[in-house]
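So you can see what is in the structure, the chains are spelled out below.
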Amino acid sequence: MTVRFGVIGTGAIGQEHIRRVEKRLSGGKVVAVTDISLDAARHCIEALELDAQLCDSEDEILQDSSVDAVIVTSWGPAHEGSVLKAIAAGKYVFVEKPLATTVDGCLRIVEAEARMGKRLVQVGFMRRYDASYVTLKREIESGRYGAPLMVRCVHRNACVDHRYTTDMAVLDTLIHELDVTRWLLGDDYTCVQVLYPKTTRHAPSGLQDPQIFNLVTQSGVVITAEVFVNCQYGYDIQCEVVCEDGVVSLASPQAVDIRHAGLHAQPVMQDWRFRFSDAYDAELQDFIDHVARGAEPSGPSSFDGYVATMVGQACVSAQGRDEWVTISVQKDLTIGFIRNNGNQRE
Ligand SMILES: NC(=O)C1=CN([C@@H]2O[C@H](COP(=O)(O)OP(=O)(O)OC[C@H]3O[C@@H](n4cnc5c(N)ncnc54)[C@H](O)[C@@H]3O)[C@@H](O)[C@H]2O)C=CC1
Ligand SMILES: O=C1[C@@H](O)[C@H](O)[C@@H](O)[C@H](O)[C@H]1O
């Protein structure tokens, strides 16, 4: 069966996902698109030469019985409403991170899905599909290096625009580390502290950049994550796991190694589009494959989305304070269904 998609939000990653469904992946087709800016949606249809209907609203997409699944790629604060409506309409939904920008919003989604009695939602935490992260997890789980003790993460973007605010360093950027490190270690966070180094002159006015997040897990692993979104030189994602008997790190994603003009160098990618291109392909293909055979998605679940936003909110509340903030994930029976059925990709 071909999965017929409706897309809500035709901005940067919306267009990326539409292009991959149409041109690179198999088993999916975009049949309807909308955006709060209808001009943006119209332009997307024209620019990508889509054979898709321009819909006036998300409601029109969700009421359309020819749409099997939706891709939600609008701004974060709009995600909750679209996902809840999609669940109510019984549609599968691939939603970009964050699942919702508030903890209560995430819980409403988790509970709505639990009431349906089946998983419908997959969250776009694509790093779980990145070959280098997958290998890193496999190596850690082999036990060959002993128990993980410390993790050092770096998340650098070349630059951001004036709309990027200090809390977005958490809910827009660090949220990837919050999800992937929990997945890598199979461990939950207990507390967080945020340090503010000197701010770069390249940061838009009022933005604290860079920021350092120190997190501790239940088993006592200490994670240090740097977020620096105006580093100028490119898009740089690093992760090093220090274990009792060895150190395992993400491999460089570069395909070339250059010796030139007295230098031995590797180019640095400039954007998430390139660094995680294969991972975005893999996550969406996995979603399509499950939906096409009527199976529940098995990628990052709404519970994972809830945990990431919940931990993210604790990080936000620790920003600008010189103290540790406690984190406790709610794991009651209401959401046990999703937790137990949707937490693992294997
Ligand atoms: N997984 C990843 O690595 C990435 C994830 N993202 C996530 O994807 C989402 C979108 O980000 P971008 O594409 O960069 O933003 P963008 O600003 O380029 O595009 C967002 C689009 O959504 C539309 N929109 C906003 N509210 C809407 C609503 N209520 N209904 C319909 N359309 C609406 C806007 O008009 C805009 O066209 C964000 O949640 C972001 O965090 C973005 C980039 C990379
Ligand atoms: O999700 C993403 C963006 O929304 C975010 O703004 C960037 O900081 C991240 O690197 C990218 O992966």
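None of the values given here were measured: they were computed from a predicted structure.

Looking at the nonpolar core
Within the largest apolar cluster, 102 residues are counted, with the highest numbers of intra-cluster contacts made by Val121 and Tyr133. When residues of this core are assigned to their parent elements, the largest contribution, 10 residues, is made by helix 7 (residues 168–185). In this structure, Val121 is in contact with Val83, Ile87, Val93, Val95, Leu99, Ile109, Glu113, Pro297, Pro300, Ser301 and Ser302, ignoring residues within four places of it in sequence.

Some points on the site of ligand 2
Residues in contact with ligand 2, as listed here, are Lys97, His155, Asn157, Asp172, Thr173, His176, Tyr235 and Trp272. Side-chain polar atom of Asn157 to an oxygen atom of ligand 2: 2.7 Å apart, as the coordinates give it. Here an oxygen atom of ligand 2 sits 2.7 Å away from a polar atom, N or O, in the side chain of Thr173. Relative to its unbound accessible area of 300 Å², ligand 2 is 84% covered by the protein chains. Per-element accounting of the shell around ligand 2 gives the leading share, 3 residues, to helix 7. In terms of residue class, the shell around ligand 2 is made up of 2 nonpolar, 4 polar and 2 charged.

Here's the deal with the state of the cysteines
Inspection of every chain in the model, using the stated rule, returns 0 disulfides. A disulfide-free cysteine, Cys153 has its sulfur positioned 4.3 Å from the sulfur of Cys239, the nearest such atom. Overall, Cys153 belongs to the buried group, its relative accessible area being 2%.

A short note on the sheet that holds strand 10 (residues 222–228)
On the basis of which strands lie adjacent, the open sheet formed by 7 strands has the order 12-11-7-10-9-8-15 and mixed pairing. Edge positions in the sheet fall to strand 12 (247–249) and strand 15 (325–326), since each has one partner strand and no second. Direction of pairing for strand 8 (residues 189–195) relative to strand 15: antiparallel, over a ladder of 2 bridges. Directly across from Val192, in strand 15, lies its bridge partner Val325. Of the strands in this sheet, strand 7 (148–156), strand 11 (236–243) and strand 12 touch helix 6 (residues 131–142), which is tilted by about 5° from strand 11. Contacting strand 7, strand 8, strand 9 (211–217), strand 10 and strand 11, helix 7 crosses the sheet at an angle of about 150° to strand 7.

Brief notes about the UniProt feature "domain: Gfo/Idh/MocA-like oxidoreductase C-terminal" (unreviewed entry) in the protein
Under the present numbering, the feature "domain: Gfo/Idh/MocA-like oxidoreductase C-terminal" (unreviewed entry) in UniProt falls on residues 137–327. Split by type, residues 137–327 is 32% helix and 26% strand. Its first and last C-alpha atoms lie 24 Å apart.

A few points about the UniProt feature "domain: Gfo/Idh/MocA-like oxidoreductase N-terminal" (unreviewed entry) in the protein
Here the UniProt feature "domain: Gfo/Idh/MocA-like oxidoreductase N-terminal" (unreviewed entry) sits at residues 3–125. The span residues 3–125 carries 46% helix and 21% strand; its end-to-end C-alpha distance comes to 21 Å.

Focus: the pairing of strand 2 (residues 28–34)
For strand 2, a buried count of 6 out of 7 residues is recorded, marking the element as mostly surrounded by other parts of the structure. The sheet contact formed by strand 1 (residues 3–8) and strand 2 spans 6 bridges and is parallel. Bridge pairing in strand 2 places Gly6 opposite Ala32. Between the parallel pair strand 1 and strand 2, the chain is carried across by helix 1 (residues 12–24), and the sense of this crossover is right-handed. In terms of strand pairing, strand 2 meets strand 3 (residues 53–54) through 2 bridges, oriented parallel. Along strand 3, the bridge assignment pairs Ala32 with Gln53. Tracing the backbone out of strand 2, into helix 2 (residues 38–47) and back to the parallel element strand 3 gives a crossover that is right-handed.

Considering the site of ligand 1
The immediate surroundings of ligand 1 are formed by 22 residues, with Ala12, Asp35, Trp75, Lys97 and Tyr280 found nearest. In the environment of ligand 1, an oxygen atom lies 2.9 Å from a nitrogen or oxygen atom belonging to the backbone of Ile13. With respect to ligand 1, the side chain of Asp35 contributes an N or O atom lying 2.6 Å from an oxygen atom. Protein chains bury 83% of the 850 Å² of accessible surface belonging to ligand 1 in isolation. Listed by contribution, the elements that provide at least two residues to the shell around ligand 1 are helix 1, helix 4 (76–88) and helix 7. No other element matches helix 4, which puts 3 residues into the shell around ligand 1. In terms of residue class, the shell around ligand 1 is built from 10 nonpolar, 8 polar and 4 charged.

Comments concerning helix 5 (residues 103–116)
Helical geometry: 3.6 residues make up each α-helical turn, so side chains three or four residues apart lie on a common side. Between its terminal C-alpha atoms helix 5 stretches 20 Å, which fits the 20 Å expected from 14 residues at 1.5 Å a residue. Of all the residues in helix 5, the buried ones are Gly105, Cys106, Leu107, Ile109, Val110, Ala112, Glu113 and Ala114. Of the residues flanking the end of helix 5, it is Gly117, one or two places downstream, whose phi is positive at about 80°.

What counts, and where the lines are drawn
Once a new chain begins, its residue numbering starts again from 1 and follows that chain's sequence as written. Key to labels: chains lettered from A, ligands numbered from 1, both in the order written. Two thresholds apply to this predicted model, a pLDDT of at least 70 for residue-level local features and 80 or more for giving and counting side-chain atom pairs, whereas whole-chain, interface and lining totals are computed over all residues. As a convention, hydrogens and water are excluded, and side-chain values are obtained from all of the structure's heavy atoms. Throughout this description, the term nonpolar core refers to a set of buried Ala, Val, Leu, Ile, Met, Phe, Trp, Tyr and Cys residues connected via side-chain atoms within 4.5 Å. When a residue's accessible area, from a 1.4 Å probe over protein chains only, is under 20% of the maximum for its type it is buried; when over 50% it is exposed; and in between it is partly exposed. Labels follow the DSSP assignment, with helices taken as runs of H or I lasting at least four residues and strands as runs of E lasting at least two, numbered in each case from the N terminus. In what follows, residue pairs with any heavy atoms lying within 4.5 Å of each other are defined as contacts. Any residue with at least one heavy atom within 4 Å of a molecule or strand is counted as near it. As used in this structure description, the phrase polar contact means that two N or O atoms lie within 3.5 Å; if the pair is within protein, one of them must be able to donate a hydrogen and the other to accept it, and residues adjacent in sequence are counted only when both atoms belong to side chains. The protein chains shown are the only cover counted for residues, whose accessible areas, like all others here, come from Shrake-Rupley with a 1.4 Å probe. In this classification, the charged set is Asp, Glu, Lys and Arg, the nonpolar set is Ala, Val, Leu, Ile, Met, Phe, Trp, Tyr, Cys and Pro, and all remaining amino acids, among them Gly, are polar. The criterion for a disulfide is a pair of cysteine sulfur atoms lying within 2.5 Å. Pairing between two strands is assigned when DSSP locates at least 2 bridges connecting them. Only the contacting stretch of a helix is used when fitting its axis, a line to C-alpha atoms as for every element, and angles between N-to-C directions run 0 to 180 degrees. UniProt positions are given in the numbering used here, feature names are shortened, and annotations may be inferred rather than shown by experiment. A clockwise course of the path from the first strand over the helix to the second, judged with the strands pointing away from the viewer, identifies a crossover as right-handed. For a helix, the expected span equals 1.5 Å multiplied by the residue count minus one.

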